[in-house]
Amino acid sequence: MERSTTRAALLGWTVLVVLFLWTPLVIIAVYAFNSSNIQVWPIPGWTLHWFRVAWHDPDVRSSLWLSVKVGALATGISLALGTMAAFAIHRFRFFGRESISFLLLLPIALPGIITGMALNSFYVFAGISFSIWTIVIGHATFCIVVVYNNILARLRRTQTSLVEASMDLGADGWQTFRFVVWPVLSTALVAGGLLAFALSFDEVIVTTFTAGAQTTLPIFILDNLRQGQQLPIVNVVAFAVILLTIVPVAISQRLTRDTGVLRRGAATVTSAESVEITTV
Amino acid sequence: MAVDSLRAGSPLAGARRRLSSEFWRRPWLKAGLLLAPPLAAFVFVYLAALVSLFVSSFWSVDAFTGKLIHHWTLGNFHDLLYSNGTYLRIAGRTIEIAAAVTITDAVLAFPLAYFMARLAGRRARALLFVLVLLPLWSSYLVRIYAWQTILAHDGALNWGLNRIGLPDANLAYTNWAMWIVFSYVWLPFMIIPVFAAVERIPDSFIEASGDLGARGWRTFRSVVLPLALPGVVAGSIFTPLLVGGKSSSFIGNVVEDFIGINGNVPFSAAFATVPVIVMAIYLLIARKLGAFEAL
């Protein structure tokens, strides 16, 4: 249909846009191996020195540990709450059903700074002092949606006749869940959990408002960037953050290839914000 | 019957079975138990927080003690509108850059989405998907930092320009930099909905247009573009409103400054309602244009 010149132009444009998307990530990766401690392009030489320095840096270690803890806790909470909500929304029809799914999507539909400010003023009003839990709550509010959408997409693709057959064969609710629902659901849960972790691990906007004086890995990057300090270490940390978020996302993408949570499937299954799921 | 008597052997199994049938008989009980925890968490934390933010935008801060004054006032909104137009200008600038970014992303995304949806083979399409989505998921902060290094004086951009004999471009910390960086950050949000919309145009429409004598450009303008437009609008929903800059002021960093430096939550809250209102109006228009069906 399209003429060959049009095709070639479209292909060329596509390649350029993909290069535009990837060049900055590649450049950060290259800077992590920069042998000089001055940021010059192209880098004068290659070294692994900064990886060692970053690994032994006490600030990097403590903020990495905090990020991992927050990510794990937020993922755990969102897996539990998101799955419950997905089951309820999938199985039952009731008044206010639409508004509940809208409510769950709100934290990612609104800009992060609003969620952050709101939680911040809420903590101040309620007299809650900043702790790891204030960060976890902040992260869980927007991680729940990812799990919820993943599970809901999977449930919608699972035939209810399977569950009915299991009950007809005399299984009770627990057995049905364990032997029929769980095997179908498990990869979606893992995928949702990985995405939630990736979201939490590199979140910075909500975290600045809910962390108080605590430092997660992205906050560590932000603080050092603001002061222009320790840039070689920042490069290594930034590279690590890219890897630590891209790898779980890639795995979860493979796990959900059938439901295609990262694909168009998700966009058509749920409403507006499911595209946002591929997000943030 | 036989099954029942078999199961009756273990008390645990019996209890489980009674529980299951109880849930089966009263579905609302199960629904309630499933919904209560997530709903409670959302209502008591998230919604409560949003409401407290909204309410606080009508309060004020004592200039000397920095304490909150719980007294209803429209002062914050009055300051926003009438303090020699500074905040209105900032809001205007934010909206301007959001519009510029949206248009740029639409132009960048459309050919790629079209290629992905209609020309690429199965494998190429899957690969493109991953290539578009992975940058989207990688850290927002890191991507902005990457651009900071690229646009810096000794960065990759100037190196590239010098290589082809052009002088340095001092873009760092300018509005041009903001425009590039935000176009970059939000581009995948545009590509995906546009792709979804283009993919849904039936081949037969385009063939019919050709049969009726339309050339490529005419087909694009009269068939593809109108059908893909909701997708473009849908993509533009996600382009930024709250952008934070370095040197020049946008809503995002003014809000952050007021909280961080002045501790003035009420004023920040009032200012933050501006993008929410703009966004709400925009979403209503987008719904009219059928953007939500395109998602």
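These numbers come from a predicted model, not from an experiment.

Considering the overall build of chain B
At step 1: Secondary structure assignment for chain B yields 13 helices and two strands.
At step 2: Expressed as a percentage of the 295 residues in chain B, the buried residues total 47%.
At step 3: For chain B, restricting intrachain contacts to residue pairs at least 6 apart in sequence, the fraction spanning at least 24 positions comes to 65%.
At step 4: When the accessible area of chain B is evaluated, it comes to approximately 15,100 Å², of which 67% is carbon and sulfur surface.

So, the overall build of chain A
At step 1: The secondary structure content of chain A amounts to 13 helices and zero strands.
At step 2: Secondary structure elements of chain A occur, N-terminal to C-terminal, as α-α-α-α-α-α-α-α-α-α-α-α-α.
At step 3: Counting over 280 residues, chain A shows a buried share of 55%.
At step 4: A fraction of 70% describes how many contacts in chain A between residues 6 or more apart in sequence connect residues 24 or more apart.

Examining the nonpolar core
At step 1: Core analysis: the biggest nonpolar cluster contains 135 residues, and A:I151, A:I221, A:V237 and B:I191 have the highest contact counts within it.
At step 2: When residues of this core are assigned to their parent elements, the largest contribution, 16 residues, is made by helix α9 (residues 175–199) of chain B.
At step 3: Look past the residues within four positions of B:I191 in its chain and what remains in contact with it is A:V17, A:L21, B:A109, B:L112, B:A113, B:M116 and B:V132.

Looking at the interface of chain A and chain B
At step 1: The partner chain B presents 93 residues to the 90 residues of chain A that form the contact.
At step 2: Carbon and sulfur atoms make up 79% of the area that chain A and chain B hide from each other, which totals about 8,200 Å².
At step 3: Run the count over chain A and chain B and you get one salt bridge.
At step 4: One salt bridge connects B:R16 with A:D172, and the closest N-O pair in it is separated by 3.4 Å.
At step 5: Linking chain A to chain B there are five residue pairs in polar contact (both at pLDDT 80 or more).
At step 6: A per-element tally of the side of chain A that touches chain B places helix α1 (residues 4–31) of chain A first, with 15 residues.
At step 7: Tallied by class, residues from the side of chain A that touches chain B come to 67 nonpolar, 14 polar and nine charged.

Looking at the packing of helix α7 (residues 140–151) of chain B against α9(B)
Residues and elements named next belong to chain B.
At step 1: Between α7 and α9, whose axes approach to 10 Å, the crossing angle comes to 140°. Classified by the angle their axes make, α7 and α9 are oblique. Where α7 crosses over α9, the handedness of that crossing is right-handed. Contact with α7, carried on its side by Y140, R143, I144, W147 and L151, involves A177, I180, V181, F182, Y184 and V185 of α9 and no other residues of that element.
At step 2: Among the residues making up the contact of α7 with α9, the classes are represented as 10 nonpolar, no polar and one charged.

Thoughts on a nonpolar patch on the surface
At step 1: A grouping of A:L11, A:V15, A:L16 and A:L19 is seen on the molecular surface, where their side chains present a nonpolar patch of about 370 Å² in accessible area.
At step 2: Residue classification places A:L19 among the partly exposed residues on the basis of a relative accessible area of 48%.

Examining the environment of B:N162
At step 1: When you line up the elements, B:N162 lands in helix α8 (residues 156–163).
At step 2: Discounting residues that sit within four places of it in the chain, B:N162 has contacts with B:P167 and B:D168.

Thoughts on helix α2 (residues 11–25) of chain B
Residue and element names in this part refer to chain B.
At step 1: Look at α2: 21 Å from first C-alpha to last across 15 residues, which is about the 21 Å you get at 1.5 Å a residue.
At step 2: For α2, the full list of buried residues reads A13, G14 and S20. Down the axis, α2 shows its buried residues gathered within 125° of arc, on one side only. Along α2, exposed side chains directed more than 90 degrees from the buried face belong to P11, L12 and R18.

A few points about the confidence of the model for chain B
All names here are of chain B.
At step 1: Residue-level pLDDT values for chain B average 75, and 76% of them are 70 or greater.
At step 2: Overall, residues 239–248 carries pLDDT values under 50, and its contacts beyond four positions in sequence, including any with other chains, amount to 40 contacts.
At step 3: As a predicted assembly, this complex carries a pTM of 0.78 together with an ipTM value of 0.76.

With respect to the packing of aromatic side chains
At step 1: Within the structure shown, the criterion is met by 16 aromatic pairs over all chains.
At step 2: Ring geometry for A:F33 versus A:F51: centroids 5.1 Å apart, planes at 40°, classification tilted. Here A:F33 is found in the loop between α1 and α2 (49–56), whereas its partner A:F51 is found in helix α2, with 18 residues between them in sequence.
At step 3: Among the residues examined, A:F33 registers a relative accessible area of 23% and is labelled partly exposed.
At step 4: For A:F51, a relative accessible area of 26% corresponds to the partly exposed category.
At step 5: Judged by centre distance (5.5 Å) and plane angle (65°), the rings of B:W147 and B:Y184 are edge-to-face. With B:W147 in helix α7 and B:Y184 in helix α9, the pair connects residues that are 37 residues apart, well separated along the chain.

Some remarks on helix α5 (residues 86–119) of chain B
At step 1: Over its 34 residues, α5(B) runs 49 Å from end to end, which matches the ideal 50 Å to within 8%, given 1.5 Å per residue.
At step 2: For α5(B), the principal kink sits at B:A109 and spans about 30°; a proline, B:P111, occurs within the next four residues.

Reading the values: rules and limits
- Residues numbered from 1 in each chain as written.
- Chains lettered and ligands numbered in written order.
- Predicted model: local features only at pLDDT ≥ 70, side-chain atom pairs only at ≥ 80, totals over all residues.
- Heavy atoms only, no water.
- Helix = DSSP H or I, 4+ residues; strand = E, 2+ residues; numbered from the N terminus.
- Buried < 20%, exposed > 50% of the residue type's maximum accessible area, 1.4 Å probe, protein only.
- Contact = heavy atoms within 4.5 Å.
- Areas by Shrake-Rupley, 256 points an atom, 1.4 Å probe, with all protein chains shown as cover.
- Core = buried A, V, L, I, M, F, W, Y, C linked by side-chain atoms within 4.5 Å.
- Buried area = accessible area lost by both parts, 1.4 Å probe.
- Salt bridge = Lys/Arg side-chain N within 4 Å of Asp/Glu carboxyl O.
- Polar contact = N/O pair within 3.5 Å; in protein donor to acceptor, adjacent residues only side chain to side chain.
- Nonpolar A, V, L, I, M, F, W, Y, C, P; charged D, E, K, R; others polar.
- Axes fitted to C-alpha atoms, helices over the stretch in contact; angles between N-to-C directions.
- Parallel < 35°, antiparallel > 145°, perpendicular 65-115°, else oblique.
- Left-handed = near helix turned anticlockwise from the far one by under 90°.
- Patch = residues over 30% accessible without salt bridge, like charges linked within 9 Å, V, L, I, M, F, W, Y side chains within 5 Å.
- Expected span 1.5 Å × (residues − 1).
- Arc of directions from axis to C-beta.
- pLDDT = per-residue confidence, 0-100.
- Phe/Tyr/Trp six-rings, centres within 6.5 Å; stacked < 30°, edge-to-face > 60°.
- Bend = angle between axes of the 7 residues up to and from the residue.

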